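Summary of the model geometry
Okay, here's what each chain looks like letter by letter:
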Amino acid sequence: WCEAKGVARAASAEEVAQQSDVVIVLAPDNIEAHLDLCRSVFPAAAGKRVMVDKFLATNVADAGQILDLARQNGVQVFSASALRFAVEVEAALA
């Protein structure tokens, strides 16, 4: 995929976060992974905006930890559905 798109392959999620303007934390079918992904990505994404795909977490405690991590690392975090920006949804709303 990277070669076909002309994009350098990153060695880790942290490297992607460092080299990106914004970050999306997305773990389809595994929302439980959001907290661990945020733990690894937020330090590298300091000062950036991070979207965590809905749902933010599976429980209030994990959600609180994600928000605490965001504050500690200077990350502007929000949670929404990635489908909100899908062309098909935009067409349906038009």
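Residues numbered from 1 in each chain as written. Predicted model: local features only at pLDDT ≥ 70, side-chain atom pairs only at ≥ 80, totals over all residues. Heavy atoms only, no water.

1. Regarding the pattern of salt bridges
We count it as follows: Definition used for salt bridges: Asp or Glu carboxyl oxygen within 4 Å of a side-chain nitrogen of Lys or Arg. Each helix is a run of DSSP H or I of at least 4 residues and each strand a run of E of at least 2, with the numbering of both proceeding from the N terminus. Three labels apply to residues, based on accessible area from a 1.4 Å probe with only protein chains included: buried if under 20% of the type maximum, exposed if over 50%, partly exposed otherwise in between.
Per the counting criterion, the structure on display carries two salt bridges. Measuring nitrogen to oxygen at the nearest pair gives 2.8 Å for the salt bridge that ties Asp36 to Arg39. With Asp36 and Arg39 both in helix H3 (residues 34-41) and three residues apart, this pair spans about one turn of that helix. Classification of Asp36 as partly exposed rests on a relative accessible area of 48%. Its salt-bridge partner being Arg71, residue Asp68 comes within 2.9 Å of it at the nearest N-O pair.

2. Here we look at a nonpolar patch on the surface
Applied cut-off: Like-charged residues are merged into a patch within 9 Å and nonpolar side chains (Val, Leu, Ile, Met, Phe, Trp, Tyr) within 5 Å, provided each residue has over 30% relative accessible area and no salt bridge. Only the protein chains shown count as covering a residue, and every accessible area follows the Shrake-Rupley method with a 1.4 Å probe.
Together, Leu83, Val89 and Leu93 make up an exposed nonpolar region whose accessible area comes to about 300 Å². Residue placement: Val89 occurs in helix H5 (residues 87-93).

3. A short note on the packing of aromatic side chains
Quick note on the threshold: When two rings of Phe, Tyr or Trp (its six-membered ring) have centres within 6.5 Å they constitute a pair, described as stacked for plane angles under 30 degrees, edge-to-face for angles over 60, and tilted for the intermediate range. The rule is short: NZ of Lys or CZ of Arg within 6 Å of the ring centre and within 35 degrees of the ring normal puts a charge over the ring.
Throughout the structure, instances matching the rule amount to zero aromatic pairs. The ring of Phe55 carries Lys54 above its face, with NZ or CZ at 5.1 Å from the centroid.

4. A look at helix H4 (residues 60-73)
Applied cut-off: A helix's residues, less one, multiplied by 1.5 Å, set its expected span. Taken from the helix axis, the directions to the C-beta atoms give the arc we talk about. For this analysis, residues touch if any pair of their heavy atoms sits within 4.5 Å.
An ideal rise of 1.5 Å per residue puts 20 Å on 14 residues; H4 measures up with 20 Å between its terminal C-alpha atoms. If you check which residues of H4 are buried, you get Asp62, Ala63, Ile66, Leu69, Ala70 and Asn73. For H4, the angular spread of the buried residues around the axis is 120°, confining them to a single face. Away from its buried face by more than 90 degrees, H4 exposes Val60, Ala61, Arg71 and Gln72. For H4, the secondary structure elements touched by its buried residues are H3 and strand E3 (76-80).

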